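Architecture and fold: a report
If you want the building blocks of each chain, they are given just below.
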Amino acid sequence: MSIDLQAYLGYIHTHAQSGARVSLGQTILSPLFASMSPAQTELLRRCAIPRWFDASVLRVLREHEQGNEALLAELRQLSCVHELGDGRLAFLPEVRSLLLKEWEQQRHDELIQIHRRLYSYFSNRTTPPGSTRRAMSLLPESSLLSVIPISLQSDLFQREALYHLIHADPLRGIDELRAIFNTLARNHRLVDAELLLQAVDSGLLNSLQQRWIQYMRARIEQNSLNLHGATQQYEALRSMPDLDPELRAETNRALAEVYAEMGQWGRSIRLYKQSLDYFMRTNNQRASADTMVLLGEAYQGLGLRMGSWHLPTASSYGQRVGLWLIGLPFQILSLLLGSQERLLPLPSYCAHYQNWFLIRFFNTARDWFIQARKLYQRMQDEGGMLRAEQRVIDILRSYGYHEEARSKIEALIKRPPARDPYWRAWLDRSLAECYLAVNNPLRAQEILSNARAVFREFGDIRREAAILVLQGQTAMQVGDHSVALALMAAGLRHYRDLGYATARERILHELRMWKNQPATPEEVRSQIATLIAAEPEKRYAQRFTRSYLPLLQVIGLITIPLGLLLMAMSVPITHSIHLGAGVLASTIRYDPLHIVGVLLLLVLLLTPSHTTIASILIFGLPISRMEREQPDMICTTPEAIICYDHMGQAKQQMAWRDVRGWRILDRCSWERPLPLSSGVVLEDANGQQLQIPGVTNWYAELQRDIGERLAAVGNPCRSTDLTYRLLKSWSGLSLSVGLLMILLVGLTENWSLGLPLWFPANLYALITSITLSGAAILVPLAYWLVNRPLSLQRSLLHEEIWPKMLFILGILPVMLYAISWGSAIPVGMLNASTFVWGIYTLTEATLARFPATRTQLRMPGALLASLLASILVWQPIQADYQWQTSLIARNQIAAALVKGEMPPSSTFAHCQAVVHAQALGYDPLRGYMLQGDCAGLSGNWREAINAYRAALYHTPANPGEQALSLYNLWNATYQENREEADEVREQFNTLCHTSKRAATVCQQVASYMQR
């Protein structure tokens, strides 16, 4: 191909002197075409149609087999052509652009035909899409796989074929582009995917096709870990009102994946469901199944955001027994549900309410995986079935069934899709976790090394980082602390660079667990603490749904008062005893077996209640409601502390420099905070408060983190510890003393410990009355449940449910006292004391709802109400005290008669205190019976007869009480007049023959009559 070099240089010189503005392409092409023949010019124009050309392409352009190599050599000499390597040439971009513009304007139909021929040529030289860098057996039934393309130029030819197809048939071209792109993206070939998009001339595409290209570029940003850039592009697409429905569904799904990696699970799930709804309506089964798997992974991640299982160490035998009792209903429930799907984890996991949220989300994830598996099975997609089944097995392993999970993973490895090295590596990851769970780190270490090499080869740094973390856990189990720390630190750096918040928090969780293990050396703990403190961002999720948290608080609140009330009502039992001189008396004894019975009853009540709430949350509560009620997340950064809602939106933020108050409001039984009743409050200079409940994951670590963050910015604010301990305090001592006194009084009343005759009855009655009133127990309860919580609630302006719960708790004993006229509990003093306690609680709860400016009314109001309540029950208290004095004196006289001794005269005087009790309105039946007992024991049978007749007159419609009164009347009358005694005995026999309810008393009394 000859060129007139003199004419070419003259053309350039002329235009340079004239100063005319011409492009480089015009400068080159005009003299070049002038020096060529028409055939040469046509060839040069055709060479601009492909993006590059070689001898084979020249054959397609010329439609001639001969002379192509010689022509290629001549073209290589042109200044407008440059070398690409491998014998390929290409025009300068501006030159090619001018020639293509000419084709479009003047010879469009012919251009399309050439594009079709070039597409056909490149297609014939391209391997089938997806065959490159995919698992391909070198030998039949061999696990040795190749990830090398069949042809090193196959990808290049594929891009060129796609380029010409889009020019010849844009609609078909964009469909093929999507298919090839999805294959490359699925196999993590980001460079090839980017080159594929570069082959597309977007100027030839309509708006819909250009949006698909924009979507694919966003996918590349996402896969290259530029999550912020990908989010912006996806949101820009979603903001278009006329966006194609299919593209909107794909965009929503891709954006959901980005949000999942950023830890914004609420947004992610919502977008996944929108996409799934479209795919299901259009019967796109493959896209539906893929979305179901992603949706299951989102729910699984939503559960993992709260950390792993809450399994506190049971240090004592009593704690182990308690955990076994709580877990027993779940064991029964698991047996009823069967072992086919394992709907519940191990009972020890279910026993803790902190795990219920996690179980529900894991079960929801498993349901989505199972649905996806069924769709894959319907499509006969073995790879998809393997992918979904592995997710199900991962949940099975998380539930504690490690051996069962390991056997299923090993079965999956034998399936044909597992020959793909990428899938096999991810299966090996699951298998290694099973080995780690059963403390076999050496086997896990061997498996993980191979898996990490595969992910590094594929360039999947996400999964390579996941393997890195597992290798760190393996090193922990082996005891190689330095290697474990190095691997964990590397994993944190990887995920920090990736912006993968969820995975980074998993590493921090593992580090904290390692740090809190008792066997961890102190030096290693210090290194772990340094590594955790160096992390710029930390997240702490609450472990329970907001709506059910108050319910657990109510159960915890009423457990102690309800248990004490049941004991007070059931432990004292009425029992007939022989005092001497033939006198039978009804007295109160305190049965230890009833205490055990009440405790068992509480267990039987609380354990099913605990299991019922868990079952409702795990199986019954709609998942949509749980999504709305996800607990908030606390995030700490070097600059601020931020509270995010369930959608990942920041709803409250407080800069560390602005913090002016830091209050710790923990409630502890001894040392450990009770999660349901503890919390932290931060307050800034403007009075804004940020509340952190005690059910937050790693609550103690969060408090330590707050202190480090404040110190880092130079904020002098330090914590104000308002913690109070239930048992390790003066109120705890009061409770212990109260229980001990009740035990001693009970033993004395049961005559296990005899009361000395010289001990004044009125003094012992005073001790008994104070003890049986439960004041030493009720006062600490009032402080723990009412005074202390409400004082903090008022001072910190909290809007809590606690006052409402206390209002209900306070009104119950008041109503019980009013309905029963102060006789609901067999112990009279306890009726009065619980009434006063209820009035105090009711008043405090009512005043707690007043505005903060009226808090000064709290203490005077509560004291005044308690005083008025005490005045109201003062007379019954006095009456009960007098009756107790007389009762104790009667028992002393009876004990003296048994021993053959004479009691002091003061004891006989104290025995008459019942008269004062009756004057104060004490129960007539019990009063007259006690008068008769005292008179009979002192030998005054005439007075005894009168007292027993009066008691019989006041006997209620209770055959047992009537039978006992008739017997004592007969016994007293028998001492004075036997004929009258026979008449009384006839009345007694008639009652016993006509009333079955009196049978027990009649049998006991009849034996004494015979004596």
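Residues numbered from 1 in each chain as written. Predicted model: local features only at pLDDT ≥ 70, side-chain atom pairs only at ≥ 80, totals over all residues. Heavy atoms only, no water.

In the annotation of an unreviewed UniProt entry, the protein chain is listed under the name Tetratricopeptide domain-containing protein and assigned to Oscillochloris trichoides DG-6.

Here the focus is the overall build of the protein chain. What the protein chain contains, in helices and strands, is 44 helices and 16 strands. Here the protein chain holds 1011 residues, and 52% of them are scored as buried. By element, 57% of the accessible surface of the protein chain is carried by carbon and sulfur atoms, the whole surface being about 46700 Å². (Helix = DSSP H or I, 4+ residues; strand = E, 2+ residues; numbered from the N terminus. Buried < 20%, exposed > 50% of the residue type's maximum accessible area, 1.4 Å probe, protein only. Areas by Shrake-Rupley, 256 points an atom, 1.4 Å probe, with all protein chains shown as cover.)

Take the packing of helix H4 (residues 55-62) against helix H5 (residues 68-75) next. Two elements in contact, H4 and H5, have axes whose closest approach is 9 Å; the angle formed by their N-to-C orientations is 105 degrees. The orientation of H4 relative to H5 falls into the category roughly perpendicular. From H4, Ala55, Leu58, Arg59 and Arg62 reach across to H5, where they touch Asn68, Glu69, Leu71, Leu72 and Leu75. In terms of residue class, the contact of H4 with H5 is made up of five nonpolar, one polar and three charged. (Axes fitted to C-alpha atoms, helices over the stretch in contact; angles between N-to-C directions. Parallel < 35°, antiparallel > 145°, perpendicular 65-115°, else oblique. Contact = heavy atoms within 4.5 Å. Nonpolar A, V, L, I, M, F, W, Y, C, P; charged D, E, K, R; others polar.)

Our next topic: the UniProt feature "transmembrane region" (unreviewed entry) in the protein chain. Within the UniProt annotation, "transmembrane region" (unreviewed entry) is assigned to residues 548-573, 593-621, 732-751, 763-786 and 806-829. Helix makes up 92% of residues 763-786 and strand 0%. Its end C-alpha atoms lie 32 Å apart. Taken end to end, residues 806-829 is 71% helix and 0% strand, and its two terminal C-alpha atoms sit 23 Å from one another. (UniProt positions renumbered as here; feature names shortened; annotations may be inferred.)

End to end, helix H18 (residues 356-379) covers 35 Å across 24 residues, agreeing with the expected 34 Å (1.5 Å per residue, within 8%). Burial analysis of H18 places 18 of its 24 residues in the buried class, the great majority of the element. Looking one or two residues past H18, Gln380 carries a phi angle of roughly 60 degrees, positive in sign. (Expected span 1.5 Å × (residues − 1).)

What follows concerns the environment of Phe157. Of note, Phe157 is situated in helix H8 (residues 154-168). For Phe157, a relative accessible area of 3% corresponds to the buried category. Separated by 34 residues in sequence, Phe157 and Ser123 place their C-alpha atoms 7.1 Å apart. Leaving out residues up to four positions away in the same chain, Phe157 has contacts with Trp52, Phe122, Arg125 and Thr126.

Here the focus is a nonpolar patch on the surface. A contiguous nonpolar surface patch, about 620 Å² in accessible area, is contributed by Val321, Trp324, Leu325, Leu328, Ile332, Leu336 and Val603. If one sorts the elements of the nonpolar patch by residue count, helix H16 (residues 317-337) sits on top with six residues. Position of Leu325 relative to the elements: it lies in helix H16. We classify Leu325 as partly exposed; its relative accessible area is 33%. (Patch = residues over 30% accessible without salt bridge, like charges linked within 9 Å, V, L, I, M, F, W, Y side chains within 5 Å. Salt bridge = Lys/Arg side-chain N within 4 Å of Asp/Glu carboxyl O.)

In this section: the packing of aromatic side chains. Two measures describe an aromatic ring pair: the distance that separates the ring centres and the angle between the ring planes. Taken as a whole, this structure holds 21 aromatic pairs when the rule is applied. Centre to centre, the rings of Tyr215 and Tyr234 are 6.2 Å apart; their planes meet at 50 degrees, and the pair counts as tilted. Here Tyr234 lies in helix H12 (residues 227-238) and Tyr215 lies in helix H11 (residues 207-223), a separation of 19 residues in the sequence. We classify Tyr234 as buried; its relative accessible area is 0%. Considering the side-chain rings of Tyr278 and Phe279, the 5.9 Å spacing of their centres and the 65 degrees angle between planes classify their relative orientation as edge-to-face. Residue Tyr278 is classed as buried on the basis of its relative accessible area of 17%. Members of the aromatic cluster, joined through ring pairs, are Trp52, Tyr121, Phe122 and Phe157. Note that Arg342 overlies the ring of Tyr401, its terminal NZ or CZ placed 4.1 Å from the centroid. Between Arg926 and the ring centre of Trp883, over which it is positioned, the NZ or CZ distance is 4.3 Å. (Phe/Tyr/Trp six-rings, centres within 6.5 Å; stacked < 30°, edge-to-face > 60°. Lys NZ or Arg CZ within 6 Å of the ring centre and 35° of its normal.)

Here the focus is the nonpolar core. By size, the foremost hydrophobic cluster in this structure holds 132 residues, and its most contacted members are Leu177, Tyr299, Trp356 and Leu511. Take this core: its biggest share by element is 13 residues, from H18. Not counting residues within four places of it along the chain, the set of residues in contact with Leu511 comprises Met488, Leu492, Ile528, Leu531 and Ile532. If you look at the next biggest cluster of nonpolar residues, it comprises 50 residues, including Ile577, Ala765, Leu964 and Phe988. (Core = buried A, V, L, I, M, F, W, Y, C linked by side-chain atoms within 4.5 Å.)

Let us now look at the sheet that holds strand S10 (residues 650-655). Pairing in this open sheet of four strands is antiparallel, and the strands run S5-S8-S9-S10 from one edge to the other. Two strands in the sheet have a free side with no partner beyond their single neighbour: strand S5 (538-541) and S10. Going across the sheet, the axis of each strand differs from the next one's by a mean of 15 degrees, ignoring polarity. The pairing of S5 with strand S8 (residues 633-636) spans four bridges and is classified as antiparallel. Note that in S8 the partner of Lys538 across the bridge is Thr636. (Pairing = 2+ DSSP bridges.)

Next up on the list: the pairing of strand S1 (residues 81-85). Note on strand geometry: in a regular strand, side chains alternate between the two faces of the sheet. Looking at chain direction, S1 and strand S2 (residues 88-91) are connected through four bridges and run antiparallel. In the strand pairing of S2, Glu83 is matched with Leu89. Here S1 folds back onto S2, and the loop between the two strands holds two residues, one of which, Asp86, carries a positive phi near 60 degrees.

Once that is clear, we can look at helix H19 (residues 382-398). Spanning 17 residues, H19 covers 24 Å between terminal C-alpha atoms, matching the ideal 24 Å at 1.5 Å per step. Counting buried residues in H19 gives 15 out of 17 residues, a clear majority hidden from the surface. Regarding H19, its N-cap is Asp381, as a side-chain oxygen of that residue lies 3.2 Å from the backbone nitrogen of Gly383 further along. At the C-terminal side of H19, Gly400 shows a positive phi close to 100 degrees. (Polar contact = N/O pair within 3.5 Å; in protein donor to acceptor, adjacent residues only side chain to side chain.)

The next thing to look at is the packing of helix H34 (residues 802-820) against helix H35 (residues 828-847). Where H34 contacts H35, the two axes come as close as 7 Å, and the packing angle between them is 150 degrees. Judged by the inter-axis angle, H34 sits roughly antiparallel to H35. For the crossing formed where H34 meets H35, the hand is left-handed. Side by side, H34 and H35 meet where Pro803, Leu806, Phe807, Leu809, Gly810, Ile811, Pro813, Val814 and Tyr817 of the first sit next to Asn831, Ala832, Thr834, Phe835, Trp837, Gly838, Ile839, Thr841, Leu842, Ala845 and Thr846 of the second. For the contact of H34 with H35, the per-class residue count stands at 14 nonpolar, six polar and no charged. (Left-handed = near helix turned anticlockwise from the far one by under 90°.)

The next subject is the sheet that holds strand S11 (residues 659-664). Strand order across the open sheet formed by four strands is S14-S13-S11-S15, with mixed pairing between neighbours. Since the sheet does not close on itself, it has two edges, and those belong to strand S14 (689-693) and strand S15 (720-721), each with one partner. The sheet contact formed by strand S13 (residues 679-684) and S14 spans five bridges and is antiparallel. Bridge pairing in S14 links Val680 to Ile692. Contacts from helix H30 (residues 699-712) reach S11, S13 and S14, with the element oriented near 155 degrees to S11.

All right, on to unusual backbone geometry then. Phi at Asp86 is positive, roughly 60 degrees, even though this residue is not glycine. By relative accessible area, which is 64% here, Asp86 ends up exposed. Residues other than glycine seldom take positive phi values, yet Trp698 does so here, at roughly 55 degrees. Among the structural elements, Trp698 can be located in the loop between S14 and H30. Look at Trp698 and you get buried, because its relative accessible area is 17%.

What follows is about the side chain of Thr183. Within the fold, Thr183 resides in helix H9 (residues 170-186). Here Thr183 falls in the buried class, since its relative accessible area comes to 14%. A polar side-chain atom of Thr183 sits 3.0 Å from the main-chain carbonyl oxygen of Ala179.

Okay, the pattern of salt bridges next. Tallied over the entire structure, the rule returns 44 salt bridges. Its salt-bridge partner being Arg663, residue Glu683 comes within 2.9 Å of it at the nearest N-O pair. With Glu683 in strand S13 and Arg663 in strand S11, this residue pair connects regions lying 20 residues apart in the sequence. In this structure, the salt-bridge partner of Asp933 is Arg890, at a minimum N-O distance of 3.0 Å. With Asp933 in helix H40 (residues 924-937) and Arg890 in helix H37 (residues 874-899), this pair connects stretches of sequence that are 43 residues apart. Each of the two residues, Asp933 as well as Arg890, counts as buried. Counted as one network, the salt bridges with shared partners bring together Arg496, Arg504, Glu505, Glu535, Glu537 and Arg539.

On to the environment of Cys934. Residue position: Cys934 is located in helix H40. For Cys934, a relative accessible area of 2% translates into the label buried. The sequence separation of Cys934 and Val914 amounts to 20 residues, and the corresponding C-alpha distance is 9.7 Å. Contacts of Cys934, omitting those with residues within four sequence positions, involve Ser886, Arg890, Cys911 and Gln912.

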